[in-house]
Amino acid sequence: SAVISQKPSRDICQRGTSLTIQCQVDSQVTMMFWYRQQPGQSLTLIATANQGSEATYESGFVIDKFPISRPNLTFSTLTVSNMSPEDSSIYLCSVASGNYEQYFGPGTRLTVT
Amino acid sequence: AQKVTQAQTEISVVEKEDVTLDCVYETRDTTYYLFWYKQPPSGELVFLIRRNSFDEQNEISGRYSWNFQKSTSSFNFTITASQVVDSAVYFCALKPTGRRALTFGSGTRLQVQP
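Throughout what follows, the structure given in this document is the object of discussion. All figures in this text were calculated on a predicted structure; none of them were measured in a lab.

Quick notes on the overall build of chain A
If you tally the helices and strands in chain A, you get zero helices and 11 strands. Of the regular secondary structure in chain A, the N- to C-terminal order runs β-β-β-β-β-β-β-β-β-β-β. Its C-alpha radius of gyration of 13 Å places chain A within 12% of the 13 Å reference for a compact globule of 113 residues. Summarising its shape, the C-alpha atoms of chain A cover approximately 40 × 25 × 20 Å along the three principal directions. A buried classification covers 49% of the 113 residues belonging to chain A. In chain A, the proportion of contacts linking residues at least 24 apart, taken out of those at least 6 apart, comes to 53%. Put simply, chain A shows about 5300 Å² of open surface, and 47% of that area lies on carbon and sulfur atoms. Each charge class in chain A was averaged separately, 7 positive and 8 negative side chains, and the resulting centres sit 8 Å apart.

Topic: the pairing of strand 8 (residues 75–80) of chain A
All names here are of chain A. Taking burial as the measure, the six residues of strand 8 include six buried ones, the bulk of the element. What you see with strand 8 is no split at all: Phe-75, Thr-77 and Thr-79 on one side and Ser-76, Leu-78 and Val-80 on the other are buried throughout. One ladder, built from six bridges, connects strand 3 (residues 19–25) with strand 8; its direction is antiparallel. Across the sheet, Gln-24 pairs through a bridge with Phe-75, a residue of strand 8. Across three bridges, strand 7 (residues 68–72) lies against strand 8 in antiparallel orientation. Bridge pairing in strand 8 links Ile-68 to Leu-78. The antiparallel hairpin formed by strand 7 and strand 8 contains two residues in its connecting segment.

Points about the state of the cysteines
In total, this model carries two disulfides over all chains according to the counting rule given. Covalently, B:Cys23 is tied to B:Cys92 through a disulfide, its sulfur atoms 2.0 Å apart. A torsion of -65 degrees about the S-S bond marks the disulfide between B:Cys23 and B:Cys92 as left-handed. Taken together, the residues span a long stretch of sequence, with B:Cys23 in the loop between strand 3 (19–21) and strand 4 (24–26) and B:Cys92 in strand 10 (residues 88–96) at a distance of 69 residues. Judged by its relative accessible area of 0%, B:Cys92 is buried. Free of any disulfide, A:Cys13 has its nearest cysteine sulfur in A:Cys23, 18 Å distant. A:Cys13 gets classed as buried once you look at its relative accessible area, which sits at 9%.

What counts, and at which threshold
Residues numbered from 1 in each chain as written. Chains lettered and ligands numbered in written order. Predicted model: local features only at pLDDT ≥ 70, side-chain atom pairs only at ≥ 80, totals over all residues. Heavy atoms only, no water. Helix = DSSP H or I, 4+ residues; strand = E, 2+ residues; numbered from the N terminus. Rg over C-alpha atoms; globule rule 2.2 N^0.38 Å. Buried < 20%, exposed > 50% of the residue type's maximum accessible area, 1.4 Å probe, protein only. Contact = heavy atoms within 4.5 Å. Areas by Shrake-Rupley, 256 points an atom, 1.4 Å probe, with all protein chains shown as cover. Lys, Arg positive; Asp, Glu negative; His and termini not counted. Charge placed at Lys NZ, Arg CZ, Asp CG, Glu CD. Pairing = 2+ DSSP bridges. Disulfide = S-S within 2.5 Å.

Here is the structure:
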């Protein structure tokens, strides 16, 4: 199994600013994922982050808005840039282990005012 | 493309009632995995079960049971004798073997009244 921690757990930010969310895993993993969950909605994949390569973004998400870093096999960051109230969501980090195991972090609750 | 449909947006039951949450999926892949997660008000996703496409056996774990029917592309979840602590949003998710990320359904909010 994998234990995932995220920082911060929650934040309230002003529009136009940026927030970087950190994701730390207790073991080395090849693939890490960032999901967004808007209020009352399901989880939507933002991007897949592999160590040593550029993140792969899903349709509707762009690197300028959600830059991702993956400096090693246990850590990743997601930045939400130039925030607007529409970015208010829970952001979840996830890792894949083996062919099917999926583990999720506790999430970061972001409110943009 | 993958798709997961949870037609029930919200269900309200009284404690001790049985409740079934429906999940229908679409995929062109022949091998895949199906998942159920629980999301209590705290927001954390709690893993409940994983089932692979080769295994159509139903599973029971305590008050929880799952009915996987490949012929109808359904993976339904039943809670027997529901409790107030079961109140949460439940998500069904799909992962084809060749893809690492999950495709989630829209979720079903379950309210169990005392």
